[in-house]
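Secondary and tertiary structure notes
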Amino acid sequence: MAFLEHRISVAITRGSRGGPRSDRVKAYTRSRHLSQDFGSSRLLQGYDVSYGIKTLRNFEEIRDLFYVVMGGAYEGFRYKDWNDFRLAYDNSTLTLISGSDWQIGRLHTAGAGSFARSVHKLVAAPTIRRDRSGALSTASATVDVNTGIATISGHVEGDVYSALGEFDVPVTFSDNVLDTIEVDGNLTKLMQRLPSIRLEEILL
């Protein structure tokens, strides 16, 4: 199934609500010690775009997108997370896939711990920086903005790479129905009483 390389209007996503979701299962022992089971090492994003829908045009955009995607032609589309959309040299990482292909990632660091999430949907080709034994330079690279894979030439063992640019999150609708509340045929009131319209990140 194809991916729809289309981004929801930033006017909607700017006012939406959401962030990372974990599938952690927790339980407390009789002595009140916490037991935790993390079923997956991948944290996925979740959003509710109903908070960002302010006008009838906003809603019609989401409704049209629902028909196009949920009609079965596409597996997902792009979403700009205004709280986390920038790749910087100090918060990005590139992981070798094979040969000269590297997967771009967003690196989250806290103390001695770190978590890397793959970035598959770039807004434009980022700048790839090479760190070769402390000497910094711009790497010669071709980046596929729809997969987040950078093909780097001139790699030498020990080279470390980072990226500078912006990215989107691949998402789809969480629910199989787009609920709306009809208010006496007055569409202007629709925007005041929208239920949740949830999106979830998909793995690519």
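Residues numbered from 1 in each chain as written. Predicted model: local features only at pLDDT ≥ 70, side-chain atom pairs only at ≥ 80, totals over all residues. Heavy atoms only, no water.

**Remarks on the side chain of Asp159**
Examined against the element boundaries, Asp159 turns out to sit in the loop between β14 (149-153) and β15 (160-173). Within the local environment of Asp159, its side chain forms a polar contact with the side chain of Arg130, the two groups lying 3.1 Å apart. If sequence neighbours within four positions are ignored, Asp159 has contacts with Arg130, Asp131, Arg132 and Gly154. (Helix = DSSP H or I, 4+ residues; strand = E, 2+ residues; numbered from the N terminus. Polar contact = N/O pair within 3.5 Å; in protein donor to acceptor, adjacent residues only side chain to side chain. Contact = heavy atoms within 4.5 Å.)

**Quick look at the nonpolar core**
Membership of the largest hydrophobic core comes to 20 residues, with the highest contact counts inside it found for Ile8, Ile62, Phe77, Phe173 and Leu199. Among the elements of the structure, α2 (56-73), β5 (77-79) and β15 are those that each provide at least two residues to this core. Per element, the largest residue contribution to this core is five residues, and it comes from α2. In this structure, Leu199 is in contact with Ile8, Gln45, Gly46, Tyr47, Val49, Phe77, Tyr79, Val171, Thr172, Phe173 and Ser174, ignoring residues within four places of it in sequence. Val119, Ile128, Ala163 and Phe167 belong to the second-largest nonpolar core, a separate cluster that totals 14 residues. (Core = buried A, V, L, I, M, F, W, Y, C linked by side-chain atoms within 4.5 Å. Buried < 20%, exposed > 50% of the residue type's maximum accessible area, 1.4 Å probe, protein only.)

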